[in-house]
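Here's the letter readout for the chains.
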Amino acid sequence: ELKNKLFSLIDNAKHQLYIAIYWMTDKSIIEKILAAKRRNVNVLIVMDESSPDIDNIVNQLLANGIVPVIHPSKVEGEGLMHHKFILVDHAVVLT
């Protein structure tokens, strides 16, 4: 049910998607985000560098005009960027 709510929010975004995500492992979420970008939704993403397959994900995002911010958790003293939330159109937050 949470996944369906997330997909609905992404699908209905009109202006902005601001996303903080520790790991992005579900390819269907990536596809939804890319579809939003194709609808001219402004997409900002912050991810932790320890995310599995990070290089492939970053390349996919960059190829579609999304420049993610990568938190350097592998740098000593930085800790993890373990947040998981999405802000949609400055109106709805899902955590």
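In this text the structure is predicted, and so the values were computed from the model without any measurement.

Conventions adopted
- Residues numbered from 1 in each chain as written.
- Predicted model: local features only at pLDDT ≥ 70, side-chain atom pairs only at ≥ 80, totals over all residues.
- Heavy atoms only, no water.
- Helix = DSSP H or I, 4+ residues; strand = E, 2+ residues; numbered from the N terminus.
- Buried < 20%, exposed > 50% of the residue type's maximum accessible area, 1.4 Å probe, protein only.
- Polar contact = N/O pair within 3.5 Å; in protein donor to acceptor, adjacent residues only side chain to side chain.
- Contact = heavy atoms within 4.5 Å.
- Axes fitted to C-alpha atoms, helices over the stretch in contact; angles between N-to-C directions.
- Parallel < 35°, antiparallel > 145°, perpendicular 65-115°, else oblique.
- Left-handed = near helix turned anticlockwise from the far one by under 90°.
- Nonpolar A, V, L, I, M, F, W, Y, C, P; charged D, E, K, R; others polar.
- Phe/Tyr/Trp six-rings, centres within 6.5 Å; stacked < 30°, edge-to-face > 60°.
- Lys NZ or Arg CZ within 6 Å of the ring centre and 35° of its normal.
- 1 Å grid on protein atoms, 1.4 Å probe; cavity = no way out; pocket = protein on both sides within 12 Å on 5 of 7 lines; lining within 4 Å.
- Points joined across faces, edges and corners; volume = space filled by probe spheres on them.

Enquirer: Mind laying out the side chain of S73, listing which residues take part and the relevant values?
Expert: Within the secondary structure layout, S73 lies in the loop between strand 3 (69-71) and strand 4 (84-88). Using a relative accessible area of 14% as the deciding quantity, one classes S73 as buried. Polar contacts involving the side chain of S73 include one to the side chain of D48, which spans 2.6 Å. When near neighbours in sequence (up to four residues on either side) are disregarded, S73 contacts D48, E49, S50, E78, G79 and L80.

Enquirer: Quick rundown of the packing of helix 2 (residues 27-38) against helix 3 (residues 54-63)? Include the residues and the values.
Expert: Two elements in contact, helix 2 and helix 3, have axes whose closest approach is 10 Å; the angle formed by their N-to-C orientations is 20 degrees. Regarding the angle of helix 2 to helix 3, the classification is roughly parallel. Regarding helix 2 and helix 3, the two cross each other, and that crossing is right-handed. Counting all contacts with helix 2, which are made through I30, E31 and L34, the residues of helix 3 involved are I57, Q60 and L61. Per-class residue counts for the contact of helix 2 with helix 3 are four nonpolar, one polar and one charged.

Enquirer: Run through unusual backbone geometry, naming residues and quoting values.
Expert: Phi angles above zero are rare outside glycine, and D53 is one such case at about 60 degrees. Its location among the elements puts D53 in the loop between strand 2 (42-48) and helix 3. Of note, the phi angle at H90 is positive, near 55 degrees, even though the residue is not glycine. Tracing the backbone through its elements, the reader meets H90 in the loop between strand 4 and strand 5 (92-94).

Enquirer: With reference to specific residues and values, describe the packing of aromatic side chains.
Expert: The geometry of an aromatic ring pair is captured by two quantities: the separation of the ring centres and the angle between the planes. Counted under the stated rule, the structure contains one aromatic pair. Centre to centre, the rings of Y22 and W23 are 5.3 Å apart; their planes meet at 10 degrees, and the pair counts as stacked. We note K32 situated over the ring of F7; from NZ or CZ to the ring centre the distance is 5.2 Å.

Enquirer: Requested: an account of the layout of surface pockets, with residues and values cited.
Expert: Counted as a void, the largest pocket has a volume near 290 Å³. Around the largest pocket, the lining is made up of 16 residues, and of these L6, I21, K84, F85 and L94 lie nearest the centre. Those elements that place two or more of their residues in the lining of the largest pocket are helix 1 (2-12), strand 1 (16-21), helix 2 and strand 4. By residue number, the principal contributor to the lining of the largest pocket is helix 1, which donates four residues. When the residues that make up the lining of the largest pocket are grouped by side-chain class, the tally is 13 nonpolar, one polar and two charged.

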